[in-house]
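Remarks on the overall topology
Read off the chains here:
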Amino acid sequence: MTGQGGSVIHRHSGYVLIDHLLEVPLDHADPGGEQIPLFAREIVAESRAHDGLPWLLYLQGGPGHRAPRGLPAWVERAAREYRVVLLDQRGTGRSHPLTRQTLADVPDPAARLRLFRADAIVRDAELVRARITGGRPWSVLGQSFGGFCATTYLSFFPDGLNEVIITGGLPSLTATADDVYRAAYPRVLEHNERFFARYPGDEELALRVAEVLRKEDVRLPSGEPLTVRRFQTAGMGFGTHAEFDDLHYLLEEAFAGPSTLSEVFLRRIEAKISFAEHPLYALLHEPIYAQGTATRWAAERVRAEFPEFDGSAPFRFTGEMIYPWLFEEDAALAPLRPAAKALAAHTDWPALYDPAALAHNTVPVVAAIYTHDMYVDTDMSLETAAHIPNLRPWLTPDHAHDALRATPTVLTHLLTLLHS
């Protein structure tokens, strides 16, 4: 069904889903220049479809990940009180996706990619708000990188916001990429210790895999090399609620013989470590921390300060880090290597946050800060929380970074805190 303004309407499981597609400027500094498509999906309980509900914009984690499809449990919870808008952030999903295919004919891919950070995402959101709410302020829920975007939103467009909910994504306002990774590597080591404490035999298994990779030219089903350093990146998901178990189940089927890696293992590890489905994550992961300075492959440089990750015994997996050699070993990233190199060297990055404006914030904000979060540093989050008035932090040791996805109780708790 097609609705007013060309939107497409579906009905599913007691909900009304309205798809919105609009055009926004590629460069918001040149509103009359090239336009790109932007997709958002509105969800409302069918029983409340004609009620004057407030609006809630959801900003996904990432960068480079589309909004969720289907009806996650937290969406069903939110739809009791809001009209929920799931935005495919620019460069993802149906919003002008950026991949090796779509960037192949772009004369200067790095210049285009610089326009796909949080500062552009929130300007897109303001255009979406004008389009579908008639200009009414809305609430924003930001998960992980989405919380970074929500903080940018608070900095520059607070008049568009009724309230802000952040889950596992309250960023430092001033930390450089070096600062971020220098704090992150010790947290990754802690998660390794927790993983191997849960599955003591897996440390020997992981080291056996690494020894095979050191001795042999092992190829994934795609033909790409599986090196020790790339195998180590399988720890990127350690901070999520299910990843410990998933990696354990993968390792327990690693061998088809004393020194032969199984086909099952190679297929599953390839799916785990490939960036084919979200190359934008790899391209922009360090630039999301850049404000006025080049990142210069911060994760790679800072790693040298932590010899625990050299791939020998005791074996340790790495975490949420992007390395320059990934753009050689991952076929999905290899054509994008020149763009990644240019982004790492770029210095003229605009500010993502305005500490002076945030110091006078009047928008109600609640933020879940997970004390065992592998991805976002607790101390940095608490420092930001102390800087922003009207922000109520919820410090909890009971949830992983992706708790919003895992259980709707996190959103329920935050809404109660916000409205109490």
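Presented here is an overview of the structure given in this document. Position numbers for residues start from 1 in each chain and track the written sequence from start to end. Per-residue local features of the predicted model are confined to residues with pLDDT of at least 70, and side-chain atom pairs are confined, for both listing and counting, to 80 or more; whole-chain, interface and lining totals are unaffected and use all residues. No hydrogens and no water enter the side-chain calculation; it runs on all heavy atoms of the structure.

Here's the deal with the packing of helix α8 (residues 243-251) against helix α9 (residues 263-273)
Interaxial distance between α8 and α9 falls to 9 Å at its minimum, and their mutual angle equals 150°. As far as their axial angle goes, α9 and α8 are roughly antiparallel. Every residue of α9 that contacts α8 at Glu243, Asp246, Leu247, Leu250 and Leu251 is listed here: Phe265, Arg268, Ile269 and Lys272. Only C-alpha atoms enter the line fits that serve as axes; for helices the fit covers just the stretch in contact. Angles between N-to-C directions range over 0 to 180 degrees. Only runs of H or I of at least four residues qualify as helices and only runs of E of at least two qualify as strands under DSSP, and these elements are numbered from the N terminus. Comment on the angle field: the value is read as roughly parallel under 35 degrees, roughly antiparallel over 145, roughly perpendicular from 65 to 115, and oblique elsewhere. For this analysis, residues touch if any pair of their heavy atoms sits within 4.5 Å.

Let's talk about empty space enclosed by the protein
In this analysis a 1.4 Å probe is tested at points of a 1 Å grid over the protein atoms alone, and where it fits but cannot get out there is a cavity; an open set with protein on both sides within 12 Å along at least five of seven lines is a pocket; lining residues have an atom within 4 Å of a point. Grid points are joined across faces, edges and corners, and a volume is the space filled by probe spheres set on the points. Scanning the entire structure with this criterion turns up six cavities of 30 Å³ or more. Taken as a whole, the largest cavity holds about 150 Å³ of empty space. For the largest cavity, the lining is made up of 17 residues, of which Phe148, Pro171, Ser172, Val180 and Tyr289 are closest to its centre. If you tally residues by element for the lining of the largest cavity, the top one is helix α5 (residues 177-198), at three residues. Grouping the amino acids of the lining of the largest cavity by side-chain chemistry returns 13 nonpolar, two polar and two charged. Amino acids outside the nonpolar list (Ala, Val, Leu, Ile, Met, Phe, Trp, Tyr, Cys, Pro) and the charged list (Asp, Glu, Lys, Arg) are all regarded as polar, and Gly is one of them.

As for the sheet that holds strand β5 (residues 83-87)
As summarised here, the arrangement of the nine strands in space is β1-β2-β3-β5-β4-β6-β7-β10-β11, forming an open sheet in which the pairing is mixed. Of all the strands in the sheet, the pair left with one neighbour each is β1 (8-12) and β11 (391-396). Strand after strand, the sheet turns through a mean of 20° between neighbouring axes, direction not considered. Note on pairing: two strands pair once DSSP finds at least 2 bridges between them. Across four bridges, the pairing between strand β3 (residues 35-45) and β5 is antiparallel. Looking at the pairing, Glu42 lines up with Val85 of β5. Its contacts with the sheet place helix α17 (residues 409-419) against β6 (138-143), β7 (161-167), β10 (365-370) and β11, and it is angled at close to 140° to β7.

Quick word on the side chain of Asp178
For Asp178, the position within the fold is in helix α5. Throughout this description, buried means an accessible area under 20% of the type-specific maximum (1.4 Å probe, protein chains only), exposed means over 50%, and partly exposed covers the range between. Among the residues examined, Asp178 registers a relative accessible area of 17% and is labelled buried. Those residues in contact with Asp178, other than ones at most four positions away along the chain, are Thr295, Ala298, Arg301 and Val302.

Focus on the nonpolar core
Nonpolar core, defined: a set of buried Ala, Val, Leu, Ile, Met, Phe, Trp, Tyr and Cys residues in which side-chain atoms within 4.5 Å join the residues together. Trp138, Leu226, Phe231, Phe265 and Phe317 are the most contacted members of the largest nonpolar core, which totals 117 residues. Broken down by element, the residue count for this core peaks at nine residues, all from α5. Not counting chain neighbours up to four residues away, the residues in contact with Leu226 comprise Leu213, Val218, Leu220, Phe231, Phe265, Leu266, Ile269 and Ile273. In this structure, Leu17, Ala78, Val366 and Leu415 belong to the second largest nonpolar core, which totals 29 residues.

Digging into the packing of aromatic side chains
Any pair of Phe, Tyr and Trp rings, taking the six-membered ring for Trp, is counted once the centres come within 6.5 Å. Such a pair is stacked with planes under 30 degrees apart, edge-to-face with planes over 60 apart, and tilted for the rest. Tallied over the full model, the rule gives 22 aromatic pairs. Taken together through their ring pairs, the aromatic side chains of Phe195, Phe196, Tyr199, Phe231, Phe238, Phe244, Phe265, Phe315 and Phe317 make up a single cluster. Our definition puts a charge over a ring when NZ of Lys or CZ of Arg is within 6 Å of the ring centre and also within 35 degrees of the ring normal. If you follow Arg90 out to its NZ or CZ, it ends over the ring of Phe116, 5.1 Å from the centre. The ring of Phe255 has Arg208 lying over it, and the distance from NZ or CZ to the ring centre is 3.9 Å.

Notes on the pairing of strand β4 (residues 55-59)
Each regular strand shows side chains that alternate between the opposite faces of the sheet. With respect to burial, β4 is a largely interior element, five of its five residues being buried. For β4 and β5, the ladder comprises four bridges, and the chain directions are parallel. Looking at the pairing, Leu57 lines up with Val85 of β5. A crossover gets the label right-handed when its path from the first strand over the helix to the second runs clockwise, viewed with the strands pointing away from the viewer. Handedness of the crossover is the feature at issue here: the chain leaves β4, passes through helix α1 (residues 73-78), returns alongside β5, and the resulting connection is right-handed. In terms of strand pairing, β4 meets β6 through four bridges, oriented parallel. Along β6, the bridge assignment pairs Leu57 with Val140.

Observations regarding the pairing of β6
In terms of burial, β6 is a largely internal element, six of the six residues being buried. As a crossover connection, the stretch from β6 through helix α4 (residues 145-156) into β7 is right-handed.

Describing the layout of surface pockets
Quantified by volume, the largest pocket comes out at close to 1400 Å³. When contributions to the lining of the largest pocket are tallied by element, the ones reaching two or more residues are α8, α9, α10 (279-284) and α16 (403-406). In the lining of the largest pocket, the residues fall into 20 nonpolar, 18 polar and nine charged.

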